[in-house]
Amino acid sequence: MGAYVEPEREKLAAEATAAVVNALDSGTPDGLPARLQELVHRSKHRVRESGTAEHWHAWKRAFALYGDDVSGWRHRLRLLLRIDAPFAAELRALLAEFEPPVVEERLGAVHNAVSGGSAGSVVQAGHIGAVTVQAPASSPARPAADGWPRADRLRRLGLGVRPTRRLLGATALPPYVARDCDDELSVLVRQAAHYGGLVIVTGGPLSGKTSTAWAALRASVAGDSRVFVAGGGADLRDLPDQLRGRDATGTHVVWLDDLDAHLEEPGVPGLLARLTHDRVVVLATMRDEAYDRHRFGHHPAARVLGIAQTVEVPAEWSEAELARLAAADDPRLSDAVRWRGSLGVAEFLALGPDLWEEWRRARRAGSRLLGHLLVRAAIDLARCGLTRGVTAKLLSQVKEEYGQAVAITSDETFDEALAWATAPRHGVTGLLVPGEWPGTWRPYGSLIADADRSEPPVPDRVWIRAYEGLEPHDAAELDGLVAAFRSALEPRAEGGDAHAMTWLGLLAEHAGDTATAEGWFRQAADHGSSRAACRLGHLLATRVAYGEAIPYLTAAADAGEAGAAALLGQVHQHLAVHYFRIAEAEGDISATRRLKGLLRPTGRPCDHAQDPHLD
């Protein structure tokens with residue numbers, strides 16, 4: 001069978017839909033609807049197992065939008081005929097199986113008659129036989145427009161709203177948060193429902209136009225209102241035929257997301273004017289730039305856009321909108337309040353999954369591994385508290401802390417990796433965005449929120465790199481980093497993690513709090529940390545608590561801790577000088593001889609306060 005062209009696919013889908021509707025309306029279904037469902041079920045498995053990811057996504061979206069509603073069958077059949085080649089032959093065979101039998105006659109005289117009804121034209125020919133046109137035994141099929149999906153069954157994802165992060169136990173999308181323009185838009189939609197009209201929601205990319213229009217539709221028309229959802233490239237020319245004979249007491253809506261994609265088709269501006277004249281609601285969305293380009297100047301659509309009612313959805317949220325957002329009980333919205341930065345809430349929610357997936361997949365060898373590591377370094381530094389931006393130099397240093405992952409095998413240079421990480425996605429934001437100071441970078445906020453939920457804790461060495469890499473003017477961030485690091489370490493220390501206890505001791509020591517440092521080092525040493533034992537021995541020796549210092553320094557020296565053995569020797573030297581002098585004062589001649597071997601050429605014993613190992 002040859003490839004289907006568009007008219008053939010449309011005709012076959014229309015024939016199948018009409019046959020099913022007629023079977024259902026007859027009151028005695030002949031089995032065709034059930035058999036068609038079986039074909040669709042088989043096609044579903046073929047698309048899922050052998051189709052492309054794009055085809056499977058299209059299938060899921062179409063069936064999520066129309067559910068089990070018979071009115072959506074024509075759209076679903078049209079889709080399956082396009083993406084599943086065997087489905088066409090199966091559908092043709094099914095329709096042929098349920099066609100009424102044809103009784104062949106011998107060629108002879110022409111005996112054609114029309115009775116029991118009327119006919120506009122009758123063509124007479126041999127071999128046709130007797131033709132009887134009778135009044136239908138049942139009511140005619142309802143108009144297509146009265147079978148469009150109900151307004152209360154439309155889902156935002158099915159209308160083109162971009163998915164947000166999926167959280168365990170949460171709905172696919174966070175709850176809609178009211179915008180300041182909602183009341184104005186709802187009034188316009190209600191007026192259009194009564195009189196007919198074109199209402200356009202405008203705004204920038206990812207400003208929330210579709211969600212806002214969906215909310216207005218749900219709030220302004222009855223749940224049983226019928227909605228035609230025109231996907232990209234949909235043919236609108238048969239809309240008048242679908243609306244002919246519709247229930248005049250009901251509300252019919254034509255939904256046109258990204259209206260400018262339809263305005264380029266010949267005849268569409270005139271079609272829109274006709275629909276609004278026929279008291280149909282046309283609810284559309286357009287980007288501001290596209291609206292301005294079509295509305296002003298000499299574009300064929302300028303006249304119909306001139307009679308439209310428009311409402312603009314700003315990307316930047318007002319204080320009242322942000323207050324409503326903060327009050328919403330959904331972690332994705334809470335993240336938007338905290339991490340969106342200078343971008344809009346809708347942009348944050350929509351771009352987050354794409355940014356995370358692109359960054360995650362870039363970690364594959366031979367892909368964008370260096371760029372992936374630079375972004376990872378920025379994410380981890382932000383999780384350390386450095387949210388205002390860090391230098392490219394620090395990003396380069398921190399990426400070295402990820403072990404074997406830095407064994408870059410591609411030819412990607414640092415500049416290329418940084419350019420990839422900072423390039424805007426969807427014309428909105430990169431994985432890395434400029435920090436508060438020139439030459440600094442920080443990760444886009446959604447990456448930080450996602451990492452907090454799914455990535456392992458920030459490695460301790462990254463915290464230390466961040467501490468060491470901060471510039472002198474970053475004192476405030478330094479204090480914040482130390483506080484954040486301490487908060488991350490304390491639960492681990494309380495659970496018996498000697499490594500965490502040691503770092504808590506180091507932080508306290510660097511802050512000049514030696515008492516707290518000694519406490520943490522003592523706990524860590526008792527849990528087997530040789531480094532903590534060495535640091536504790538140092539602090540004890542510095543304040544001349546030699547008796548306490550020796551056991552810890554001995555344990556550290558026996559474990560091979562660098563500097564512990566030399567420090568232990570100095571402590572013993574100080575003790576030896578001290579006790580030999582006591583012995584010398586008591587008249588022990590051998591003590592005098594041994595004491596001379598421990599004295600410097602100046603005749604003075606080693607002074608621990610001047611010894612660099614005890615500073």
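Residues numbered from 1 in each chain as written. Predicted model: local features only at pLDDT ≥ 70, side-chain atom pairs only at ≥ 80, totals over all residues. Heavy atoms only, no water.

## Overview of the overall build of the chain
Turning to step 1, where the next piece is worked out: Scanning the chain from terminus to terminus reveals 27 helices and 8 strands.
Turning to step 2, where the next piece is worked out: Taking all 615 residues of the chain together, the buried fraction comes to 45%.
Turning to step 3, where the next piece is worked out: Looking at the chain alone, contacts between residues at least 24 apart form 67% of all its contacts between residues at least 6 apart.
Turning to step 4, where the next piece is worked out: For the chain, the exposed area adds up to about 31500 Å²; of that, 52% sits on carbon and sulfur atoms. (Helix = DSSP H or I, 4+ residues; strand = E, 2+ residues; numbered from the N terminus. Buried < 20%, exposed > 50% of the residue type's maximum accessible area, 1.4 Å probe, protein only. Contact = heavy atoms within 4.5 Å. Areas by Shrake-Rupley, 256 points an atom, 1.4 Å probe, with all protein chains shown as cover.)

## A word on the environment of alanine 328
Turning to step 1, where the next piece is worked out: Looking at the element boundaries, alanine 328 is found in the loop between helix 13 (319–327) and helix 14 (331–339).
Turning to step 2, where the next piece is worked out: Using a relative accessible area of 17% as the deciding quantity, one classes alanine 328 as buried.
Turning to step 3, where the next piece is worked out: Each C-alpha atom of the pair alanine 328 and proline 174 lies 9.1 Å from the other, and the pair is 154 residues apart in sequence.
Turning to step 4, where the next piece is worked out: Look past the residues within four positions of alanine 328 in its chain and what remains in contact with it is Val177 and Leu333.

## Focus: the environment of valine 482
Turning to step 1, where the next piece is worked out: The residue valine 482 is located in helix 21 (residues 475–494) in this model.
Turning to step 2, where the next piece is worked out: In contact with valine 482, other than residues within four places in its own chain, are Tyr467 and Leu507.

## Thoughts on the nonpolar core
Turning to step 1, where the next piece is worked out: By size, the foremost hydrophobic cluster in this structure holds 90 residues, and its most contacted members are Leu325, Val375, Leu381 and Leu395.
Turning to step 2, where the next piece is worked out: Looking at this core element by element, the count peaks at 10 residues for helix 16 (residues 369–383).
Turning to step 3, where the next piece is worked out: Not counting residues up to four positions away in its chain, the partners in contact with leucine 395 are Leu374, Ala377, Ala378, Leu381, Val390, Leu432 and Trp441.
Turning to step 4, where the next piece is worked out: One finds Ala145, Trp148, Val268 and Ala308 within the second-largest nonpolar core, a separate group that totals 28 residues. (Core = buried A, V, L, I, M, F, W, Y, C linked by side-chain atoms within 4.5 Å.)

## Thoughts on the side chain of threonine 502
Turning to step 1, where the next piece is worked out: With respect to the helices, strands and loops of the structure, threonine 502 is situated in helix 22 (residues 498–510).
Turning to step 2, where the next piece is worked out: One polar contact links the side chain of threonine 502 to the main-chain carbonyl oxygen of alanine 498, over a distance of 2.9 Å.
Turning to step 3, where the next piece is worked out: In contact with threonine 502, not counting residues within four places along its chain, are Phe521, Ala524, Ser529, Arg531 and Ala532. (Polar contact = N/O pair within 3.5 Å; in protein donor to acceptor, adjacent residues only side chain to side chain.)

## Notes on the sheet that holds strand 1 (residues 197–203)
Turning to step 1, where the next piece is worked out: Strand order in this open sheet of 5 strands is 2-3-4-1-5, and the pairing throughout is parallel. Every interior strand has two partners, whereas the edge strands, strand 2 (226–230) and strand 5 (309–313), have only one. Strand-to-strand twist of the sheet, defined as the mean angle between neighbouring strand axes without regard to direction, takes the value 20°.
Turning to step 2, where the next piece is worked out: By the bridge criterion, 4 bridges tie strand 3 (residues 252–256) to strand 4 (residues 281–287) in an arrangement that is parallel. By the bridge assignment for strand 4, valine 254 is matched with valine 282.
Turning to step 3, where the next piece is worked out: On top of the sheet, helix 10 (residues 268–277) reaches strand 1, strand 3 and strand 4; it is set at about 140° to strand 4, its chief contact.
Turning to step 4, where the next piece is worked out: Against the sheet, helix 11 (residues 288–295) makes contact with strand 1, strand 4 and strand 5, and its axis sits at roughly 110° relative to strand 4, the strand it touches most. (Pairing = 2+ DSSP bridges. Axes fitted to C-alpha atoms, helices over the stretch in contact; angles between N-to-C directions.)

## Comments concerning the pairing of strand 4
Turning to step 1, where the next piece is worked out: Extensive coverage of strand 4 is indicated by the burial of 6 of its 7 residues.
Turning to step 2, where the next piece is worked out: Here strand 1 runs beside strand 4; their pairing, made up of 7 bridges, is parallel. Paired with glycine 203 across the bridge in strand 4 is arginine 287.

## Examining the pattern of salt bridges
Turning to step 1, where the next piece is worked out: Applying the stated criterion to the full structure yields 26 salt bridges.
Turning to step 2, where the next piece is worked out: The salt bridge partner of arginine 332 is aspartate 330, with a shortest N-O separation of 3.0 Å. With respect to class, arginine 332 is no different from aspartate 330; both count as buried.
Turning to step 3, where the next piece is worked out: The partner of aspartate 460 in a salt bridge is arginine 492, with the nearest N and O atoms 3.1 Å apart. Here the residue aspartate 460 occupies a position in helix 20 (residues 460–469), and arginine 492 occupies one in helix 21, the gap between them amounting to 32 residues. (Salt bridge = Lys/Arg side-chain N within 4 Å of Asp/Glu carboxyl O.)

## Focus: the pairing of strand 1
Turning to step 1, where the next piece is worked out: Taking burial as the measure, the 7 residues of strand 1 include 7 buried ones, the bulk of the element.
Turning to step 2, where the next piece is worked out: The alternating pattern of strand 1 places Gly197, Val199, Val201 and Gly203 and Leu198, Ile200 and Thr202 on opposite faces, both of which are buried.
Turning to step 3, where the next piece is worked out: Taken together, the 5 bridges between strand 1 and strand 5 define a ladder with parallel strand orientation. Considered in strand 5, the bridge of valine 201 is made with valine 311.

## Concerning the sheet that holds strand 7 (residues 432–434)
Turning to step 1, where the next piece is worked out: The sheet built from 3 strands is open, its strands ordered 6-8-7 with antiparallel pairing. The open sheet terminates on both sides in strands that have one partner only, identified here as strand 6 (390–391) and strand 7.
Turning to step 2, where the next piece is worked out: As paired strands, strand 7 and strand 8 (residues 440–443) are joined by 3 bridges and run antiparallel to one another. Along strand 8, the bridge assignment pairs leucine 432 with proline 443.

This is a description of form; function is not addressed.
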